[in-house]
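Examining the three-dimensional arrangement
Each chain is listed here by its residues.
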Amino acid sequence: MSLATAAFLKVGCDWVVDSTSEEDECGICQGDGTKCDIIQGEYKKQSGVTGYREIVVIPSGARNIFVAENDQSENYIGLENAVEKKYYLNGKRHITLPGEYNVAGAQALYEREHNLEKIRIPGPIHEPILVSIFFRGKVYNPGVTWKYSIWKPEVTKQVKYEWIMEEWSQCSATCGGGTQYSKPLCQESTVSPVAADLEGPNIVAEEMCLDMTKPEKMVRTCNDDPCPYKWWVGPWQTCPSTCYDGGKKPMRRRNVMCMDGQEMALQDQYCDRGAKPHEYEPCKKLLPCAAYER
């Protein structure tokens, strides 16, 4: 790379040659502009008397200050220290020539071309400044626009501990009346006056809530509706005989009972008798008893 080429390479805010990194409106390199607020407004009041009229006080620490007339006029924009009444531009009815000036500890560019004024201060400024307009009699004010960025105030967050009740447990029964429990838990949450900065709660050890009265465990009934009845079918029992002599085969049996949802046995009349499974069936795969006598 030649020296001539290097002389025209841009250096980013990260101090890297040929970098495109730039500061955001908050003055943060490669920032996203979320750390500061943009304050802006417009002054359009009129005055028929020669003299200064206050527009706005820009606080110490402000950046990217821009003040400008909306159109040409014979009035003047004045800047002064908001505390000490020390003028920086166009003060005490003395007109300042366009150029670069030190305003509140920061470099400022004052432009005035064809009776149109603009003031730019990259900042940050180190003192609050008062922006005024100097009316020259009944000269019309086309409006003065102002804009600046200022860091958002630091938000003090506090940690809060409190007892909460956990969600109800699963019901111990699906019907016929069951029980649910809810026990106390110690919750930690971060309290902030800015809603966007609120952090979700966390469950922590109970020791963090010992300075508060611990609630009692809660109990309630649930699923009180009567349970539907159904047929319960047991396994087939062993056949009472190992062979048969012809004719009717021996029968084996199984238990069939009407039961509710709590597995309690009821009389058959509570269940659908037409759907009752059979309790007996012939024994299968039995040989004639004569086969065992040989």
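Since the model is a prediction, treat every value here as computed from it, not as a measurement. (Residues numbered from 1 in each chain as written. Predicted model: local features only at pLDDT ≥ 70, side-chain atom pairs only at ≥ 80, totals over all residues. Heavy atoms only, no water.)

**Things to note about the overall build of the chain**
Rules: In this description a helix means any DSSP run of H or I spanning at least four residues, a strand means any run of E spanning at least two, and both kinds are numbered starting from the N terminus. Here the globule rule is a power law, 2.2 Å times the number of residues to the power 0.38, and the radius of gyration is based on C-alpha atoms. Throughout, a residue-residue contact means that at least one pair of heavy atoms, one from each residue, lies within 4.5 Å. Surface accessibility in these figures is a Shrake-Rupley result with a 1.4 Å probe; residues are shielded only by whichever protein chains are displayed. Think of it this way: Lys and Arg go in the positive column, Asp and Glu in the negative one, and His and the chain ends go nowhere. Note on charges: their place is set at NZ of Lys, CZ of Arg, CG of Asp or CD of Glu.
Along the chain, the regular secondary structure elements total 2 helices and 22 strands. A compact globule built from 294 residues would reach a C-alpha radius of gyration of about 19 Å, whereas the chain, at 45 Å, exceeds it by more than 25%. Along the three orthogonal principal directions, the C-alpha set of the chain runs to about 140 × 60 × 40 Å. In the chain, 66% of the contacts between residues at least 6 apart in sequence involve partners at least 24 apart. Accessible surface for the chain amounts to roughly 19400 Å². Of this, 51% is attributable to carbon and sulfur atoms. Seen as two clouds, the 34 positive and the 41 negative side-chain charges of the chain have centres 6 Å apart.

**With respect to the sheet that holds strand 5 (residues 87–89)**
Formally: For two strands to be treated as a pair, DSSP must find at least two bridges joining them. Simply put, an axis is a line fit to the C-alpha atoms, just over the touching stretch for a helix, and the angle between two N-to-C directions goes from 0 to 180 degrees.
Taken together, the 4 strands give an open sheet; going across it, the order is 2-9-4-5, and neighbouring strands pair in antiparallel fashion. Two strands close off the open sheet at either side, each with one partner strand: strand 2 (51–58) and strand 5. This sheet shows a mean twist of 30 degrees between the axes of neighbouring strands, independent of strand direction.

**Describing the domain arrangement of the chain**
The condition is simple: Domains are outlined according to an automatic or database domain assignment.
Assigned domains within the chain: domain 1 (38–151), domain 2 (159–222) and domain 3 (230–291). Here the C-alpha centre of domain 3 lies 52 Å away from the C-alpha centre of domain 2.

**What about the environment of Gly 261?**
The cut-off we apply is this: We call a residue buried when its accessible area falls under 20% of the maximum for its residue type, exposed when it is over 50%, and partly exposed in between, using a 1.4 Å probe and counting protein chains only.
Along the chain, Gly 261 turns up in the loop between strand 19 (256–259) and strand 20 (265–266). Since its relative accessible area comes to 31%, Gly 261 is described here as partly exposed. For the pair formed by Gly 261 and Gly 176, sequence separation is 85 residues and the distance between their alpha carbons is 7.2 Å. If near-sequence neighbours (up to four positions away) are discounted, Gly 261 is found in contact with Cys 175, Cys 227 and Pro 228.

**Points about the state of the cysteines**
Under the convention used in this document: In what follows, a disulfide is any cysteine sulfur pair within 2.5 Å.
Applying the stated criterion across every chain yields a total of 4 disulfides. Here Cys 171 connects covalently by a disulfide to Cys 222, the sulfurs 2.0 Å from one another. Between Cys 171 and Cys 222, the disulfide has an S-S torsion of 90 degrees and is therefore right-handed. Here Cys 171 is found in the loop between strand 11 (158–165) and strand 12 (178–182), whereas its partner Cys 222 is found in strand 15 (residues 218–222), with 51 residues between them in sequence.

**Things to note about the sheet that holds strand 20**
If you walk across this open sheet you meet the 3 strands as 16-19-20, and the pairing is antiparallel. In the strand order of this sheet, the two ends are held by strand 16 (230–233) and strand 20, each with one partner. Bridge analysis of strand 19 against strand 20 gives 2 bridges, and the strand direction is antiparallel. When the sheet's bridge partners are listed, Met 259 is paired in strand 20 with Ala 265.

**Considerations on the nonpolar core**
Quick reminder of the rule: Residues grouped as a nonpolar core are buried Ala, Val, Leu, Ile, Met, Phe, Trp, Tyr and Cys residues, joined through side-chain atoms within 4.5 Å.
With 29 residues, the main nonpolar core has Ile 58, Ile 65, Ile 121, Ile 125 and Ile 129 as its most contacted residues. Within the residue set of this core, elements represented by two or more residues are strand 2, strand 3 (63–69), strand 4 (76–81), strand 5, strand 7 (106–113), strand 8 (116–121), strand 9 (129–135) and strand 10 (144–151). Among the elements that line this core, the one with the most residues is strand 9, at 5 residues. Excluding its chain neighbours within four sequence positions, the residues that come into contact with Ile 65 are Ile 58, Ile 119, Arg 120, Ile 121, Ile 125, Ile 129, Lys 147 and Tyr 148.

**Here we look at the pairing of strand 12**
Each regular strand shows side chains that alternate between the opposite faces of the sheet. What you see with strand 12 is a clean split: Gly 178, Gln 180 and Ser 182 sit on the buried side and Thr 179 and Tyr 181 on the side with no burial. Here strand 12 pairs with strand 15 via 5 bridges, running antiparallel. From the neighbouring strand, Thr 179 faces strand 15, where its bridge partner is Thr 221.

**Considerations on the packing of aromatic side chains**
What describes a pair of aromatic rings is the distance from one ring centre to the other and the angle between the planes of the rings. Keep this limit in mind: To pair, rings of Phe, Tyr and Trp, with the six-membered ring standing in for Trp, must have centres within 6.5 Å; the planes then decide the type, stacked if under 30 degrees apart, edge-to-face if over 60, and tilted in the middle.
For the structure shown, the criterion picks out 3 aromatic pairs. Aromatic side chains Tyr 52 and Tyr 87 sit 5.9 Å apart centroid to centroid with 40 degrees between the ring planes, which places their arrangement in the tilted category. In this pair, Tyr 52 sits in strand 2 while Tyr 87 sits in strand 5, placing the two residues 35 residues apart along the sequence. Between Trp 146 and Tyr 148 the ring centres are 6.3 Å apart and the planes differ by 20 degrees, which places this aromatic pair in the stacked class. Residue classification places Trp 146 among the buried residues on the basis of a relative accessible area of 12%. On the accessibility criterion, Tyr 148 (7% relative accessible area) is buried. A network of ring pairs unites the aromatic residues Tyr 52, Tyr 87 and Phe 134 as a single cluster.

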